[in-house]
Amino acid sequence: MLHTVAEWRASRAEFLAKTPNATLGVVPTMGALHAGHASLFAAARRDCDLVLATLFVNPTQFDDPSDLARYPRTLDADLALMAEQGVDAALIPPVEELYPPDTGTHYTVQEDHFSRTLCGTHRPGHFTGVLTVVMKLLQIAGATRAYFGEKDWQQLQLIKGMATAFFLETEIIGCPSVRGPDGLALSSRNRHLSPAERALAPQFYKTLCTAPDAASATAQLTALGFAVDYVEDLKAHQRRLSAIRLGNTRLIDNVPLS
Ligand code: PAF
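Since the model is a prediction, treat every value here as computed from it, not as a measurement.

Quick notes on the packing of helix H10 (residues 202-210) against helix H11 (residues 214-224)
1) Next: Taken N-terminus to C-terminus, the directions of H10 and H11 make an angle of 155°; their axes are 9 Å apart at the nearest point. One way to sum up the angle between H10 and H11 is to call them roughly antiparallel. By crossing handedness, the relation of H10 to H11 is classed as right-handed. Where H10 approaches H11, its residues Gln203, Phe204, Thr207 and Leu208 are matched on the opposing element by Ala217, Gln220, Leu221 and Leu224.
2) Next: For the contact of H10 with H11, the class distribution of residues is five nonpolar, three polar and no charged.

Next up, the structure:
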């Protein structure tokens with residue numbers, strides 16, 4: 001387990017000295033790992049010689065402090081899953097390592113258009129927090145490839161756009177969402193659902209798959225008892241994206257438009 005950028009860079013240098021043309025895969029996470037993350041580790045393991053996972057609950061992407069406070073933290077189980085999936089190194093930095101104490105300057109990575117739509121409308125500042133920390137993590141990792149899940153489809157597009165806009169050398173790889181047998185996309189937030197909410201939650205995915213248009217999906221989800229933040233059909237991308245709330249838990253999902 002590594003805690004500092006310097007520790008990781010020393011490990012990477014040692015590995016590359018032994019294996020000069022090695023490829024490096026990085027999987028950025030916020031912990032509370034599940035089979036969705038395992039699929040990202042597996043993809044990185046398949047493609048790359050060395051696999052780094054980062055585990056950092058990024059405070060700047062939480063628009064709601066109570067959401068940050070209750071974000072699940074399951075370090076022992078996370079380390080066990082990483083070991084099982086053959087992750088070579090885990091970088092678990094304290095907040096001060098990525099965000100040094102205030103020096104009076106404040107750097108962020110901001111996108112001005114797509115990030116202000118969909119989830120960005122409901123979570124102001126969220127994507128600036130995501131892009132800023134991902135930029136930091138990619139610079140630190142120095143990886144050949146970085147792996148992200150398609151469940152966070154808007155996030156994935158924004159990260160790909162950032163990598164292109166800033167000529168990053170790391171290739172951004174999107175991996176398919178992993179679902180439970182009932183269709184619910186795996187998410188660290190699912191563990192907050194009460195048994196009744198968990199029983200209802202699969203209707204979210206089913207409705208997105210079957211409703212003829214976004215307005216019908218919204219009406220059907222509302223009738224089922226979901227508080228709908230949005231359902232939108234992005235025709236240019238042939239994707240339907242949605243966010244809903246069940247009690248205090250916000251879930252997102254996306255499906256191809258048929
Ligand atoms: O998808 C996540 O877990 C996070 O948004 C990420 C990409 C690790 C940045 O904190």
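Things to note about helix H2 (residues 35-47)
1) Next: In a regular helix each residue adds 1.5 Å, so 13 residues correspond to 18 Å; H2 covers 18 Å between its end C-alpha atoms and thus fits that length.
2) Next: In this structure, the buried residues of H2 make contact with strand E1 (24-29), strand E2 (50-55), helix H4 (75-84), strand E4 (145-149) and strand E5 (171-175).

Digging into the site of the ligand
1) Next: Taken together, the residues surrounding the ligand are Pro28, Thr29, Met30, Asn58, Gln61, Val133, Val134, Phe148, Asp152 and Gln155.
2) Next: One of the side-chain nitrogen or oxygen atoms of Gln61 is found 2.6 Å away from an oxygen atom of the ligand.
3) Next: Summarising the interface, the protein chains cover 88% of the accessible area of the ligand, which totals 290 Å² for the free molecule.
4) Next: Of all the elements in the fold, those that place two or more residues in the shell around the ligand are E1 and helix H7 (126-141).

Re the UniProt feature "binding site: (R)-pantoate" (unreviewed entry) in the chain
1) Next: Residues annotated by UniProt as "binding site: (R)-pantoate" (unreviewed entry) correspond here to Gln61 and Gln155. These annotated residues cover 95 residues of sequence, but their C-alpha atoms sit close together, with the largest distance between any two at 11.4 Å.
2) Next: Gln61 gets classed as buried once you look at its relative accessible area, which sits at 9%.
3) Next: Residues within four places of Gln61 in sequence aside, it is in contact with Met30, Arg123, His126, Gly129, Val130 and Val133.
4) Next: Within polar-contact distance, the side chain of Gln61 engages the side chain of Asn58 at 2.9 Å.
5) Next: Along the chain, Gln155 turns up in helix H8 (residues 153-165).
6) Next: Residue classification places Gln155 among the buried residues on the basis of a relative accessible area of 17%.
7) Next: Those residues within four positions of Gln155 in sequence are excluded, and the remaining contacts are Phe127, Val130 and Phe148.

Structural notes on the pattern of salt bridges
Where charged atoms from two side chains of opposite charge approach closely, those side chains can pair.
1) Next: Using the criterion set out here, one finds 13 salt bridges in the structure.
2) Next: A salt bridge links Arg250 to Asp229; the shortest N-O distance between them is 2.8 Å. With Arg250 in strand E8 (residues 249-256) and Asp229 in strand E6 (residues 227-234), the pair connects residues that are 21 residues apart, well separated along the chain.
3) Next: Residue class for Arg250 comes out buried when judged on its relative accessible area of 16%.
4) Next: Salt-bridge contacts for Asp233 lead to Arg240; the nearest nitrogen and oxygen are separated by 2.6 Å. Both residues of the pair, Asp233 and Arg240, count as buried.
5) Next: Connected through salt bridges with shared partners, the residues Asp63, Asp67, Arg123 and Arg189 form a single ionic network.

Description of the layout of surface pockets
The probe, sized like a water molecule, is rolled over the atoms to show the empty space still left.
1) Next: Quantified by volume, the second largest pocket comes out at close to 390 Å³.
2) Next: Contributing to the lining of the second largest pocket are 17 residues, with Tyr99, Thr105, His106, Tyr107 and Lys136 lying nearest its centre.
3) Next: In terms of residue class, the lining of the second largest pocket is made up of six nonpolar, nine polar and two charged.

Considerations on the sheet that holds E4
1) Next: Taken together, five strands build an open sheet; the order of strands is E3-E2-E1-E4-E5 and the sheet is parallel. Looking at which strands have only one partner, the edges of the open sheet turn out to be strand E3 (89-91) and E5. Averaged over neighbouring strand pairs, the angle between their axes works out to 25° when direction is ignored.
2) Next: For E4 and E5, the ladder comprises five bridges, and the chain directions are parallel.

Observations concerning the nonpolar core
1) Next: With 41 residues, the main nonpolar core has Trp8, Leu52, Val134, Leu138, Met162 and Ile172 as its most contacted residues.
2) Next: The biggest single contributor to this core is H7, with ten residues.
3) Next: Beyond its immediate sequence surroundings of up to four residues, Leu138 is in contact with Val26, Ala143, Ala146, Met162, Leu168, Thr170 and Ile172.
4) Next: Formed by 19 residues, the second largest nonpolar core is a distinct cluster that contains Leu33, Val51, Leu55 and Val87.

Analysis parameters
Residues numbered from 1 in each chain as written. Predicted model: local features only at pLDDT ≥ 70, side-chain atom pairs only at ≥ 80, totals over all residues. Heavy atoms only, no water. Axes fitted to C-alpha atoms, helices over the stretch in contact; angles between N-to-C directions. Helix = DSSP H or I, 4+ residues; strand = E, 2+ residues; numbered from the N terminus. Parallel < 35°, antiparallel > 145°, perpendicular 65-115°, else oblique. Left-handed = near helix turned anticlockwise from the far one by under 90°. Contact = heavy atoms within 4.5 Å. Nonpolar A, V, L, I, M, F, W, Y, C, P; charged D, E, K, R; others polar. Expected span 1.5 Å × (residues − 1). Near = heavy atom within 4 Å. Polar contact = N/O pair within 3.5 Å; in protein donor to acceptor, adjacent residues only side chain to side chain. Areas by Shrake-Rupley, 256 points an atom, 1.4 Å probe, with all protein chains shown as cover. UniProt positions renumbered as here; feature names shortened; annotations may be inferred. Buried < 20%, exposed > 50% of the residue type's maximum accessible area, 1.4 Å probe, protein only. Salt bridge = Lys/Arg side-chain N within 4 Å of Asp/Glu carboxyl O. 1 Å grid on protein atoms, 1.4 Å probe; cavity = no way out; pocket = protein on both sides within 12 Å on 5 of 7 lines; lining within 4 Å. Points joined across faces, edges and corners; volume = space filled by probe spheres on them. Pairing = 2+ DSSP bridges. Core = buried A, V, L, I, M, F, W, Y, C linked by side-chain atoms within 4.5 Å.

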